[in-house]
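Next come the chains, spelled out residue by residue.
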Amino acid sequence: MTTCITTFSKDGYDLYGHRMIESWIEHWPASYKLLVYTEDFDVVESDPRISTININDTVLNLIKFKSDSQTLLDNATDRKTVSRIQKTVKWSHKVFVISHALNTISDDYFIFLDGDTYTVDTIEPDTAEKLIEHYLLAVHFENLVNLGLHFETGLVVFKSDHTQMDLFKTLYISGYEDLSIYNLSKAWDGFWLAELYKTHNLDVKNLSKHNSGVFSNPIIANKLIHDVGTKKYLQAGYNKFTGK
């Protein structure tokens with residue numbers, strides 16, 4: 001079995017989440033499930049494959065991380081630091097919901113999809129297996145100018161029975177629980193995951209075809225679209241850091 005995971009705020013849901021869910025229902029296999037992590041709201045889309053989890057009732061370690069980060073924000077003295085903390089908190093949601101799913105659901109494969117992704121063509125039932133093969137996880141590698149290796153985490157695939165999975169589940173959340181994520185020069189989830197890969201020799205598959213970037217793997221190219229960056233907020237009246 002394969003579970004897809006996504007999360008968005010109410011504002012993100014109103015702005016792009018509807019499209020994500022509706023396109024998932026239309027194009028993803030009947031054998032797949034979609035788990036939507038929300039914050040005190042329900043999605044209106046109805047399908048027997050979809051279930052929701054309220055973050056504020058369930059993912060309590062995220063609540064603590066946000067509280068600890070708010071203390072850092074309250075003591076921040078410059079805009080650069082404020083922006084850095086806001087970005088880290090925004091992108092931490094996916095880390096915590098992935099961690100929660102990996103630790104509470106017994107499926108063979110997990111696919112995390114950003115809330116601002118959407119599907120435009122049929123996804124085959126063996127897509128998870130083809131994407132990940134024998135690896136622990138699969139993700140698109142990026143080499144960003146002056147920043148180094150970054151993982152584009154709009155799509156991440158996990159293999160539950162990999163021998164490194166128990167280690168990974170501990171490592172993945174550790175930098176947020178002890179706040180060492182803020183020791184990175186760029187405290188984003190994509191840099192954190194890349195750092196774990198390098199430091200602990202994790203068995204990670206590079207989905208990028210010839211390092212050509214976001215969602216370039218031929219298995220999902222032209223099927224799965226990522227509305228990456230701040231363009232989704234343009235002319236919508238939303239703060240690019242908070243989605244509000």
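In what follows, the structure referred to is the one given above.
This one's a predicted model, so the numbers in the text were calculated from it and none came from an experiment. (Residues numbered from 1 in each chain as written. Predicted model: local features only at pLDDT ≥ 70, side-chain atom pairs only at ≥ 80, totals over all residues. Heavy atoms only, no water.)

Draft legend 1. Region of the structure containing the nonpolar core. The biggest cluster of nonpolar side chains holds 43 residues, and the ones touching the most others in it are Y37, L137, F151, F158, F168, Y172 and I181. Counting residues per element, the ones that place at least two in this core are β2 (32-38), α3 (60-74), α4 (79-104), β4 (109-113), β6 (137-144), β7 (148-159), α6 (165-177) and α7 (189-200). Among the elements that line this core, the one with the most residues is α4, at eight residues. L113, L131, A138 and I220 belong to the second largest nonpolar core, which has 28 residues in total. (Core = buried A, V, L, I, M, F, W, Y, C linked by side-chain atoms within 4.5 Å. Buried < 20%, exposed > 50% of the residue type's maximum accessible area, 1.4 Å probe, protein only. Helix = DSSP H or I, 4+ residues; strand = E, 2+ residues; numbered from the N terminus.)

Draft legend 2. Representation of α4. The terminal C-alpha atoms of α4, which comprises 26 residues, lie 38 Å apart, in line with the 38 Å expected from a rise of 1.5 Å per residue. Along its length, α4 shows its largest kink, about 30 degrees, at S92. Where α4 begins, one side-chain oxygen reaches toward the backbone nitrogen of K80, 3.2 Å away; that side chain belongs to D78. (Expected span 1.5 Å × (residues − 1). Bend = angle between axes of the 7 residues up to and from the residue. Polar contact = N/O pair within 3.5 Å; in protein donor to acceptor, adjacent residues only side chain to side chain.)

Draft legend 3. Region of interest: α7. Under the 1.5 Å per step criterion, the end-to-end length of α7 is 16 Å for 12 residues, consistent within 8% with the ideal 16 Å. Listing the buried residues of α7 in full gives D189, G190, F191, W192, L193, A194 and L196. Buried residues along α7 sit in contact with α4, β6, β7 and α6. Directly beyond the C-terminal end of α7, a positive phi value near 55 degrees is found at N201. (Contact = heavy atoms within 4.5 Å.)

Draft legend 4. Seen up close, the packing of aromatic side chains. For the coordinates displayed, the defined rule picks out 16 aromatic pairs. Between F141 and Y197, the ring centres sit 5.4 Å apart and the planes meet at 75 degrees, which makes this aromatic pair edge-to-face. Of the two residues, F141 sits in strand β6 while Y197 sits in helix α7, which places them 56 residues apart along the sequence. Residue F141 is classed as buried on the basis of its relative accessible area, which comes to 9%. On the numbers, 6.2 Å between centres and 85 degrees between planes, the contact of Y176 with W192 is edge-to-face. Highlighted residues: Y176 in helix α6 and W192 in helix α7, separated in sequence by 16 residues. As far as the burial class goes, Y176 and W192 line up, both buried. Counting every residue linked through ring pairs, the aromatic cluster contains F65, F96, Y176, Y182 and W192. Of note, R19 hangs over the ring of Y118, and the distance from its end group to the ring centre comes to 3.8 Å. (Phe/Tyr/Trp six-rings, centres within 6.5 Å; stacked < 30°, edge-to-face > 60°. Lys NZ or Arg CZ within 6 Å of the ring centre and 35° of its normal.)

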